[in-house]
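# An overview of the molecular structure
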Amino acid sequence: MTDEIDVVDCTRCAELCASRSRIVNGVGPTDAALLFVGEAPGRQEDETGEPFVGRSGDVLDEALRDRGLARLDVRITNCVRCRPPDNRDPRAEELENCRSHLEREIDAVDPDVIVTLGKVPSEHLLGRSVAVTAEAGSIHDVRIAGTPRRTLVCVHPAATLYDPSQRETFAAALDAAVEFVDGGDQSQLGDF
């Protein structure tokens with residue numbers, strides 16, 4: 001199934017093609033109940049070919065473990081699959097150029113909840129301005145590629161590194177996602 005959703009070659013964004021060393025596809029089961037969506041690969045993700053590695057990935061992995069989950073129990077992807085130069089946010093046209101790849105992945109995985117990690121994916125998928133800290137943990141019904149999807153806003157794991165006051169907000173949002181998916185019985189999501 002990953003052959004259907006992995007992007008092997010894409011040249012839609014000249015600047016991103018020039019700055020990437022590889023396309024970074026999503027990882028995790030293609031039938032995951034939870035799908036985490038970040039904005040774009042950073043330097044380490046570009047080097048390894050896996051989303052959310054490095055310090056942000058460590059925060060996410062630890063938060064998952066605290067909830068009885070492993071990285072292998074969830075799907076993790078990004079709005080944009082190529083690293084923007086100088087680690088800048090992806091531009092609107094780059095987000096739109098990669099949108100069909102993300103929609104195809106969401107459709108194939110068909111998660112119970114999509115968890116947006118940070119401002120860029122939250123605004124991209126909800127189609128509006130989002131005050132992430134204020135809205136963290138809130139679930140929204142949104143149409144993605146014509147299909148209604150439950151989308152939960154969450155702060156980016158990196159926010160907890162730069163602003164420790166965000167740790168509680170991050171944890172509460174993840175608790176809400178897990179609670180929504182399984183009513184508090186984590187065994188349905190996977191065993192750690």
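Per chain, residue numbering runs from 1 following the sequence as it is written. Totals for whole chains, interfaces and linings use every residue, but because this is a predicted model, local features are given only for residues with pLDDT of at least 70 and side-chain atom pairs only at 80 or more, for both listing and counting. Water and hydrogen atoms play no part in the side-chain values, which are based on all heavy atoms of the structure.

### A word on the pairing of strand β3 (residues 113–117)
For clarity, the threshold we go by: Per-residue accessibility, obtained with a 1.4 Å probe over protein chains only, is compared with the maximum for each type, and a residue is labelled buried under 20%, exposed over 50%, and partly exposed between these values. A run of DSSP states H or I qualifies as a helix once it reaches four residues; a run of E qualifies as a strand once it reaches two. Both are numbered from the N-terminal end. What makes two strands pair is DSSP finding at least two bridges between them.
The element β3 is extensively covered by neighbouring structure, given that 5 of its 5 residues are classed as buried. Judged by which residues are buried, β3 turns out to be covered on both faces: V113, V115 and L117 on one side and I114 and T116 on the other are all buried. Across 4 bridges, strand β1 (residues 34–38) lies against β3 in parallel orientation. Within β3, the position partnered with L35 by the bridge is I114.

### Considerations on the nonpolar core
A general trend in soluble globular proteins is that nonpolar side chains are found buried together. Our working definition: Remark: nonpolar core denotes a set of buried residues (Ala, Val, Leu, Ile, Met, Phe, Trp, Tyr, Cys) joined through side-chain atoms within 4.5 Å. Contacts are assigned to residue pairs that have any heavy atoms within 4.5 Å of one another.
Core analysis: the biggest nonpolar cluster contains 48 residues, and L34, F36, L60, V115, L117, C154 and F170 have the highest contact counts within it. The leading source of residues in this core is helix α9 (residues 166–182), at 6 residues. If sequence neighbours within four positions are ignored, F170 has contacts with V59, L60, A63, L117, C154, V155, P157 and T160.

### What to know about the pattern of salt bridges
When the charged atoms of two side chains with opposite charge come close together, those side chains can pair. What counts here: Whenever a carboxyl oxygen of Asp or Glu lies within 4 Å of a side-chain nitrogen of Lys or Arg, that contact is scored as a salt bridge.
This model, assessed by the stated rule, comprises 15 salt bridges. We note a salt bridge from E15 to R91, for which the minimum N-O separation is 2.5 Å. A residue pair is termed long-range when its members are at least 10 positions apart, and E15 in helix α2 (residues 14–19) and R91 in the loop between β2 (75–78) and α5 (92–109) qualify at 76 residues. Note that E105 and R81 form a salt bridge whose closest N and O atoms lie 2.5 Å from each other.

### A short note on the pairing of strand β5 (residues 147–154)
With 4 bridges joining them, β3 and β5 adopt parallel strand pairing. Within β5, the residue paired with V115 across the bridge is L152. Bridging between strand β4 (residues 139–144) and β5 involves 6 bridges; their strand directions are antiparallel. Bridging across to β5, D141 finds its partner in R150. In this structure, the hairpin formed by β4 and β5 is closed by a connection of 2 residues, where A145 is found at a positive phi of approximately 55°.

### Quick notes on the environment of D9
By the element assignment, D9 lies in the loop between α1 (2–5) and α2. Along the chain, D9 and G127 lie 118 residues apart, while their C-alpha atoms are 27 Å from each other.

### Considering the sheet that holds β5
Note the threshold: Under this scheme, a helix contributes an axis fitted over its contacting stretch, all axes are lines through C-alpha atoms, and angles between N-to-C directions fall in the 0 to 180 degree range.
With mixed pairing, 5 strands are arranged side by side in an open sheet as β2-β1-β3-β5-β4. Of all strands in the sheet, those with a lone pairing partner are β2 and β4, marking the two edges. Taken pair by pair, the neighbouring strands of this sheet meet at an average axis angle of 35°, ignoring direction. Helix-sheet contacts for helix α6 (residues 119–126) involve β1, β3, β4 and β5, and the interaxial angle to β3 is about 135°.

### Some remarks on α5
The test is simple: The span one expects for a helix is its residue count, reduced by one, times 1.5 Å.
With 18 residues, α5 should cover 26 Å at 1.5 Å per step; its first-to-last C-alpha distance of 25 Å lies within 8% of that length. Three or more residues of α5 are buried, namely E94, L95, C98, R99, H101, L102, E105, I106 and V109. Trailing α5 by a residue or two, D110 shows a phi angle of about 50°, which is positive.

### A look at unusual backbone geometry
Although it is not a glycine, F52 adopts a positive phi angle of roughly 55°. Along the polypeptide, F52 turns up in the loop between α3 (43–48) and α4 (54–66). The backbone of D86 sits at a positive phi, close to 55°, despite the residue not being glycine. Within the element layout of this structure, D86 appears in the loop between β2 and α5.

### Side note on the environment of D112
In this structure, D112 sits in the loop between α5 and β3. D112 sits in the partly exposed class, given a relative accessible area of 41%. D112 sits 89 residues away from I23 along the chain, and the two C-alpha atoms are 26 Å apart. Not counting residues up to four positions away in its chain, the partners in contact with D112 are A33, R150, F180 and V181.

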